[in-house]
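# Fold and geometry: a report
These are the residues of each chain, in order.
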4 protein chains.
Amino acid sequence: MAEINVAMIGYAFMGRAHSNAWRQAPHFFPGPLKPRLKVICGRRQEAAQQAADQLGWEEVETDWRRVVARPDIGIVDIVTPGDSHAEIAIAAAQAGKHVICEKPLANSLDEALAMLAAVKPAGVRHMVLFNYRRVPAMRLARQWIEAGRLGRLFHFRAQYLQDWIVDPQFPRVWRLDKTIAGSGALGDLGAHVVDICHYLTGRRVEKVSSLMATLIPERPLPDEPRRMAPVTVDDAALFIGRAGEMTAQFEVSRLAPGRKNCLTLEINGSQGSLRFNLERLNELEFYDRTQPEELQGWNNILVTDARHPFIPHWWPAGHILGYEHPFVHAMAEFLEAVAKGGEIHPDFADGAACNAVLDAVERSAASGAWTEVKAWAAAMQ
Amino acid sequence: MAEINVAMIGYAFMGRAHSNAWRQAPHFFPGPLKPRLKVICGRRQEAAQQAADQLGWEEVETDWRRVVARPDIGIVDIVTPGDSHAEIAIAAAQAGKHVICEKPLANSLDEALAMLAAVKPAGVRHMVLFNYRRVPAMRLARQWIEAGRLGRLFHFRAQYLQDWIVDPQFPRVWRLDKTIAGSGALGDLGAHVVDICHYLTGRRVEKVSSLMATLIPERPLPDEPRRMAPVTVDDAALFIGRAGEMTAQFEVSRLAPGRKNCLTLEINGSQGSLRFNLERLNELEFYDRTQPEELQGWNNILVTDARHPFIPHWWPAGHILGYEHPFVHAMAEFLEAVAKGGEIHPDFADGAACNAVLDAVERSAASGAWTEVKAWAAAMQ
Amino acid sequence: MAEINVAMIGYAFMGRAHSNAWRQAPHFFPGPLKPRLKVICGRRQEAAQQAADQLGWEEVETDWRRVVARPDIGIVDIVTPGDSHAEIAIAAAQAGKHVICEKPLANSLDEALAMLAAVKPAGVRHMVLFNYRRVPAMRLARQWIEAGRLGRLFHFRAQYLQDWIVDPQFPRVWRLDKTIAGSGALGDLGAHVVDICHYLTGRRVEKVSSLMATLIPERPLPDEPRRMAPVTVDDAALFIGRAGEMTAQFEVSRLAPGRKNCLTLEINGSQGSLRFNLERLNELEFYDRTQPEELQGWNNILVTDARHPFIPHWWPAGHILGYEHPFVHAMAEFLEAVAKGGEIHPDFADGAACNAVLDAVERSAASGAWTEVKAWAAAMQ
Amino acid sequence: MAEINVAMIGYAFMGRAHSNAWRQAPHFFPGPLKPRLKVICGRRQEAAQQAADQLGWEEVETDWRRVVARPDIGIVDIVTPGDSHAEIAIAAAQAGKHVICEKPLANSLDEALAMLAAVKPAGVRHMVLFNYRRVPAMRLARQWIEAGRLGRLFHFRAQYLQDWIVDPQFPRVWRLDKTIAGSGALGDLGAHVVDICHYLTGRRVEKVSSLMATLIPERPLPDEPRRMAPVTVDDAALFIGRAGEMTAQFEVSRLAPGRKNCLTLEINGSQGSLRFNLERLNELEFYDRTQPEELQGWNNILVTDARHPFIPHWWPAGHILGYEHPFVHAMAEFLEAVAKGGEIHPDFADGAACNAVLDAVERSAASGAWTEVKAWAAAMQ
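As the structure is a prediction and not an experimental result, all values here were calculated from the model.

## Structural notes on the overall build of chain A
What chain A contains, in helices and strands, is 11 helices and 17 strands. The globule rule puts the C-alpha radius of gyration for 381 residues at 21 Å, and the 21 Å found for chain A is close to it. Structurally, chain A occupies a C-alpha span of about 65 × 55 × 40 Å along its principal axes. Expressed as a percentage of the 381 residues in chain A, the buried residues total 63%.

Here is the structure:
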């Protein structure tokens with residue numbers, strides 16, 4: 001098995017999830033290319049070294065530009081906050097590296113488009129890590145919808161709700177600062193539900209009307225708890241839209257007590273419906289109108305059978321997977337794409353398509369009007 | 001126990017539910033006034049007589065004007081389609097009858113206001129039958145929210161989904177004809193979720209942005225299945241709004257396979273959250289942030305204990321109630337209001353407040369703009 | 001519609017449920033015979049009169065022997081504690097009355113057999129009111145099992161759990177006194193699960209091993225709370241058994257906090273499984289091994305569609321039924337059997353079959369040995 | 001961080017789960033000792049080498065006796081079928097190795113006692129890998145029960161159901177052969193539920209009455225599908241028992257369609273109840289009778305908060321764990337016990353206690369009588 005050296009820029013929560021995925025991939029998805037956790041990059045040497053030790057990386061760098069310039073690196077994996085995605089990804093692509101970038105692809109549509117423009121001529125593989133696409137239940141849902149099991153699609157609805165900032169004393173961390181995070185619940189959670197809508201239904205959101213709310217407008221500074229600072233991002237975002245004839249409804253919030261990491265979605269079509277809840281990610285519910293009427297019900301399928309996507313690589317039926325497994329699937333399939341040269345999704349075009357919707361949501365919230373998603377996305381698809 | 005004569009105008013689905021409630025009320029909620037099912041009114045004599053026999057009414061009339069004029073009638077209960085509510089209710093009130101009207105109060109805000117204007121000077125009791133207010137779990141939820149258990153309210157969201165017209169061959173019945181029904185899913189289902197939002201949160205929806213969709217634009221005529229007729233009402237309506245600082249999100253549809261009569265709602269506040277599902281109407285889920293952290297969870301309360309609203313009149317704990325019981329609660333409390341002269345809710349002002357929101361939703365759908373709910377409602381409240 | 005006069009002996013909890021059923025039956029299940037709530041019988045005149053007023057009975061008697069002797073009575077409905085079932089039912093049958101008896105049929109197998117021996121020559125209709133047989137989901141389950149949907153039956157398991165006597169200060173009411181109640185959880189709850197096993201699977205429990213436990217051995221007297229009296233019945237009973245090759249497992253208890261009226265059951269067969277929970281009695285879960293593998297799941301069917309048993313008489317799909325509805329179904333079908341002369345189940349033979357199992361459970365608990373159910377039952381079936 | 005060399009004997013399903021745990025432990029639970037996956041042992045060189053490559057072991061051996069004799073090995077981890085546990089574990093202990101053994105500890109009580117007798121004088125750490133003890137929800141449940149949250153314990157009940165051999169054409173693999181597997185569902189699944197009962201309640205099962213059933217008595221041979229061979233183990237086992245005053249009920253089966261790896265349990269006590277379902281292993285349901293009555297319900301706690309056991313080592317709240325995580329917890333705590341010299345549970349005494357119950361179940365099934373669990377277990381505890 002050939003090896004390829006991976007460099008990861010950043011090392012917080014997502015750094016842990018990506019590192020785990022790089023480590024696990026070859027054990028559960030042995031393929032033509034084996035990833036080597038070569039170098040981790042963080043600005044502070046000591047912290048980066050600690051991360052390297054715990055997460056299993058061989059070397060440490062403190063300047064991402066040096067990482068990108070290293071000839072031994074084959075893949076650059078970006079897990080920094082959104083404001084630095086574009087610069088790093090563009091440089092990496094121009095240096096001929098394959099690039100993985102955490103979601104959302106960028107903090108703005110313009111940056112996302114610049115990233116897309118950079119990777120295409122570079123001929124490198126590129127992926128934005130919308131991890132939920134590779135939850136087995138989500139891939140199964142996609143297959144079924146593509147195969148027509150739901151018939152004509154009428155409605156898509158999704159909520160992605162969390163509660164980690166309900167306490168008004170929760171500090172004003174970087175995720176609540178627009179200059180770094182770009183947006184709040186919208187970019188963090190909304191990006192996921194928009195992408196999963198695109199992925200599952202094969203339809204792009206075309207126009208939206210939205211409402212963005214910052215209900216707790218100031219919070220204590222992390223390092224200086226007696227000083228309050230303004231929250232410059234949204235706590236919650238609601239938007240309704242159309243994707244072709246299909247209606248779409250989205251709500252994301254970080255102020256929903258009891259919703260920890262709760263992405264719920266439902267799709268209604270002329271032949272049936274699907275439901276999913278990320279906090280029970282091993283289950284997919286399917287209502288099938290083609291069954292005899294007395295038998296129609298919500299069929300709760302435990303997506304852990306050998307016939308289900310990804311499962312044969314893991315455990316026997318009924319032995320459930322967790323949050324981190326889809327990252328492993330993503331890395332395994334990325335390595336295969338690198339080895340074989342094929343396409344891989346979600347790529348930067350998919351990432352930009354998502355950014356285009358977020359962009360329209362922000363413009364709609366500002367203008368109070370229905371807003372078209374910028375047309376490039378449909379064209380490039 | 002004194003008796004009061006009731007007349008019911010109409011006798012379809014809602015007529016069955018109201019009749020049952022009138023019959024059951026004195027057995028489970030014995031009070032100062034006992035209703036006598038005196039007269040049922042329908043245009044076709046034979047059908048009305050059949051309804052009278054099965055539903056337990058003593059007499060039949062075929063002209064509602066004669067009913068309203070009868071001096072022996074104390075209560076007029078209107079279960080006709082929405083286009084005749086105003087005329088009958090106004091006449092009944094002017095004749096000094098206490099009036100119950102099925103929801104929505106009227107097909108338009110103007111009619112609703114005219115009805116309200118008629119009942120006030122008449123000094124009669126008036127109620128619009130938003131039956132879900134008297135589901136025990138809903139009254140309990142209201143009590144808890146009023147008592148501050150959820151703290152400051154952040155979000156309200158509700159879906160009311162059904163699937164009875166998914167089949168494109170389902171005929172174009174009167175509910176799909178705007179001249180009779182006023183609107184489609186919006187007036188039928190949306191009225192319920194707007195009212196329950198008002199009831200539970202104590203906040204009126206103030207502005208909305210909406211989308212109304214007719215996804216199956218024509219259907220066979222009921223009596224002439226080979227001829228198609230246009231569907232002139234909405235199959236689905238989505239709207240987002242504000243009620244004070246609280247965000248609100250609503251979606252109603254009749255094209256959601258597997259959703260039979262499925263009103264689901266969730267309310268998030270600074271201290272906790274509530275969830276409810278009408279297809280499991282005996283249950284209320286409560287997430288309480290004031291509990292010790294390791295104990296916080298979604299507490300599924302079977303609302304059938306003696307401490308819960310209405311329950312002591314029925315069965316022991318765990319013996320669940322069904323769809324029709326809240327109608328019994330409504331009639332019992334209406335009779336008590338008639339006997340004692342007090343207020344009863346939801347009254348015609350509550351009904352008009354709901355109509356005002358539906359009116360704004362329709363205007364927003366037409367204009368594509370955020371739309372203020374007409375100001376009268378807040379003023380009259 | 002012809003009328004038949006009904007007399008009800010007793011008027012406590014079950015009296016309310018039966019009265020309601022008699023009142024409702026003709027409105028929702030109009031048939032050849034209309035029941036007239038003629039006379040209610042209770043030992044204390046005043047209390048009986050109050051019950052008559054609230055429950056809708058025309059007359060009051062204080063001696064059941066006089067009721068049974070009245071020539072105008074067609075049906076005698078017995079809702080007294082188990083110790084008087086046999087005497088009343090036998091007298092009623094001998095007087096030519098059709099007889100309905102609350103479950104369990106009797107406090108002992110001998111009494112049950114005597115009752116059965118009395119009704120057979122009398123040529124009257126007889127029914128023991130195992131109400132759960134007529135929950136729509138249960139009748140549907142029975143139809144499916146009969147039709148072979150589960151294939152060969154491997155396992156039956158059921159728990160019936162309540163919690164109303166968890167508090168050790170709960171008084172020693174009659175249900176905790178063996179001389180009146182016969183047994184505790186076993187006769188009250190165990191009777192239901194044994195009967196539902198017989199009904200659903202068509203197999204009789206043939207031998208059992210059991211454990212009966214009285215975990216709170218004394219309690220305050222109802223009328224004299226400072227005096228303790230021994231609890232002479234079981235708080236809980238566990239038994240395992242065979243019914244043909246099928247295994248069967250039963251557990252009943254009144255000491256299960258959070259279980260209010262919670263009968264849960266599951267049946268596993270070679271082709272599929274069924275699950276049911278009485279606290280969600282409108283739902284039936286079906287796992288169908290004949291479906292394509294990737295689609296197999298627990299199909300949660302809301303048993304409220306027009307194709308489902310009893311439903312067309314009630315409300316549209318999704319409008320759920322409650323605890324009391326199966327009683328209405330029972331009375332409606334009993335009236336039809338009386339009118340047409342046919343068989344009706346569960347009859348006294350079914351009741352005796354259940355008593356035979358309870359009898360074996362009690363003997364097994366006393367002896368500590370596996371115990372055969374007495375052979376008569378299989379023979380009479 | 002010091003290193004310790006681990007050797008694993010066997011490499012099938014459990015070998016994958018253990019290997020993963022050894023690899024993951026130092027990344028998520030960095031501790032004083034770092035495990036080195038030194039040698040894997042399998043009888044067939046080629047297969048063992050393939051396992052080593054995929055699972056991440058450095059060397060391969062084909063004779064476990066050589067492994068046990070190697071001075072560089074610190075921990076021997078046994079994942080072979082039950083018939084070889086005793087011989088290997090005893091030799092390993094006598095060679096001074098710390099020993100981990102898959103469950104059940106042995107195929108017979110005598111072997112288990114011999115193993116226990118061997119590890120004690122050897123002064124080594126010993127653990128039997130009942131992995132479910134380290135599901136966060138199970139540790140939390142144990143803590144709560146120990147702290148008295150359930151009050152006095154009345155009832156324990158558990159089912160462990162699977163369906164992988166429902167098809168009668170499923171071959172007669174080694175797990176269906178008594179000479180290798182010892183027993184069927186009883187040893188495989190029953191061992192888990194007995195151990196979890198002991199763990200959670202702190203009470204040992206003392207006497208049992210049981211029923212063991214082989215419902216599909218012969219199956220095709222794996223390598224010769226046209227020849228049938230007898231199934232010599234149980235497909236299902238049911239047993240009821242006492243543990244002090246607490247009643248206990250257990251059912252295990254491999255013939256339960258739709259139950260993939262479904263261990264469900266419930267414990268009822270005077271102050272509350274707990275429920276758990278392994279297919280939703282991140283959730284724990286708690287009914288708390290000490291709450292105000294109108295608030296009492298089944299509190300579904302997503303056991304993924306920083307306050308919950310093991311969680312701070314993994315992901316933020318709401319990011320669920322899967323089947324394999326408890327193995328990581330077990331290895332991490334075992335390494336700590338080795339480093340610090342303390343006790344660790346479940347040890348071989350816990351394993352033998354479980355075997356003692358299984359032994360009584362088998363004797364009861366054979367004799368048809370209530371059977372005491374052999375007394376040693378209580379004494380040694």
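From this point, the discussion proceeds with the structure in view.
## Notes on the interface of chain A and chain D
Across the contact, 25 residues belong to chain A and 25 residues belong to chain D. Contributions of two or more residues to the side of chain A that touches chain D are made by helix H1 (13–28) and helix H2 (45–55) of chain A. Of the residues in the side of chain A that touches chain D, the class split is 12 nonpolar, 10 polar and 3 charged.

## Considerations on the relation of the copies chain A and chain D
Two copies of the chain are present, and they differ by a rotation about an axis and a shift along that axis. Superposing chain A onto chain D takes a rotation of 180° combined with a translation of 0.0 Å along the rotation axis, leaving an RMSD of 0.0 Å. Given the turn and translation reported, the copies of this chain are related as if by a two-fold rotation axis. It is Gly322(A) whose C-alpha, among those of chain A, lies nearest the rotation axis, at 2.1 Å. Of the residues that chain A buries at the interface, 100% are likewise interface residues in chain D, meaning the two copies contact each other through the same surface.

## Focus: the pairing of strand E13 (residues 262–269) of chain C
Two faces belong to every sheet, and in a regular strand the side chains alternate between them. Residue and element names in this part refer to chain C. Across the 8 residues that make up E13, a large majority, 6, are buried. Strand direction decides the pairing type here: strand E7 (residues 153–161) and E13, joined by 8 bridges, are antiparallel. Among the inter-strand pairings, Arg157 is bridged to a residue of E13, identified as Glu266. Linking two consecutive strands that pair antiparallel, namely E13 and strand E14 (residues 272–277), is a turn of 2 residues.

## Section: the interface of chain A and chain B
Between chain A and chain B, the residue contacts involve 30 residues of the former and 30 residues of the latter. Those elements that provide at least two residues to the side of chain A that touches chain B are strand E7 (153–161), strand E8 (207–213), strand E11 (236–243), strand E12 (246–253) and strand E14 (272–277) of chain A. The biggest single contributor to the side of chain A that touches chain B is E12(A), with 4 residues. Residue composition of the side of chain A that touches chain B, grouped by class: 15 nonpolar, 11 polar and 4 charged.

## Brief notes about unusual backbone geometry
Cis peptide bonds are those with omega within 30 degrees of zero, and the linkage from His345(C) to Pro346(C) qualifies with -5°. Among the structural elements, Pro346(C) can be located in the loop between helix H9 (325–340) and helix H10 (348–367). If you check the backbone angles, Phe310(B) has positive phi at about 70° while not being a glycine. For Phe310(B), the location among the structural elements is in the loop between strand E16 (298–302) and helix H9 (325–340).

## Description of the sheet that holds strand E5 (residues 98–102) of chain A
Residue and element names in this part refer to chain A. Strand order in the open sheet formed by 6 strands is E3-E2-E1-E4-E5-E6, with parallel pairing between adjacent strands. Each edge of the open sheet carries a strand with a single partner, namely strand E3 (59–61) and strand E6 (126–129). Going across the sheet, the axis of each strand differs from the next one's by a mean of 25°, ignoring polarity. Pairing analysis gives 4 bridges linking strand E4 (residues 75–78) to E5, with the strands arranged parallel. Counted as the bridge partner of Ile75 is His98 from E5. Each of strand E2 (33–41) and E3 is contacted by H2, which is oriented at about 155° to E2, the strand it contacts most.

## Structural notes on helix H5 (residues 109–122) of chain D
All names here are of chain D. When the terminal C-alpha atoms of H5 are compared, their 20 Å separation across 14 residues agrees well with the 20 Å that a helix rising 1.5 Å per residue should span. Those residues of H5 that sit buried are Leu109, Glu111, Ala112, Leu113, Met115, Leu116, Ala118 and Val119. If you follow the buried residues of H5, they end up packed against helix H4 (85–94), strand E5 (98–102), strand E6 (126–129) and helix H10 (348–367).

## Topic: the domain arrangement of chain A
Residues and elements named next belong to chain A. Here the domain parsing of chain A yields domain 1 (2–132) and domain 2 (135–348 + 354–367). The gap between the C-alpha centroids of domain 1 and domain 2 is 23 Å. Taken together, the contacts link 39 residues of domain 1 with 38 residues of domain 2. Secondary-structure elements contributing two or more residues to the side of domain 1 that touches domain 2 are H1, E2, E5, helix H5 (109–122) and E6. For the side of domain 1 that touches domain 2, the element with the highest residue contribution is H1, accounting for 8 residues. Residues of the side of domain 1 that touches domain 2, tallied by class, amount to 26 nonpolar, 10 polar and 3 charged.

Scoring rules and cut-offs
- Residues numbered from 1 in each chain as written.
- Chains lettered and ligands numbered in written order.
- Predicted model: local features only at pLDDT ≥ 70, side-chain atom pairs only at ≥ 80, totals over all residues.
- Helix = DSSP H or I, 4+ residues; strand = E, 2+ residues; numbered from the N terminus.
- Rg over C-alpha atoms; globule rule 2.2 N^0.38 Å.
- Buried ≥ 20, exposed ≤ 12 C-beta atoms within 10 Å, placed from the backbone.
- Contact = placed C-beta atoms within 7 Å.
- Nonpolar A, V, L, I, M, F, W, Y, C, P; charged D, E, K, R; others polar.
- Least-squares fit on C-alpha atoms with pLDDT ≥ 70 in both.
- Pairing = 2+ DSSP bridges.
- Axes fitted to C-alpha atoms, helices over the stretch in contact; angles between N-to-C directions.
- Expected span 1.5 Å × (residues − 1).
- Domains from an automatic or database assignment.

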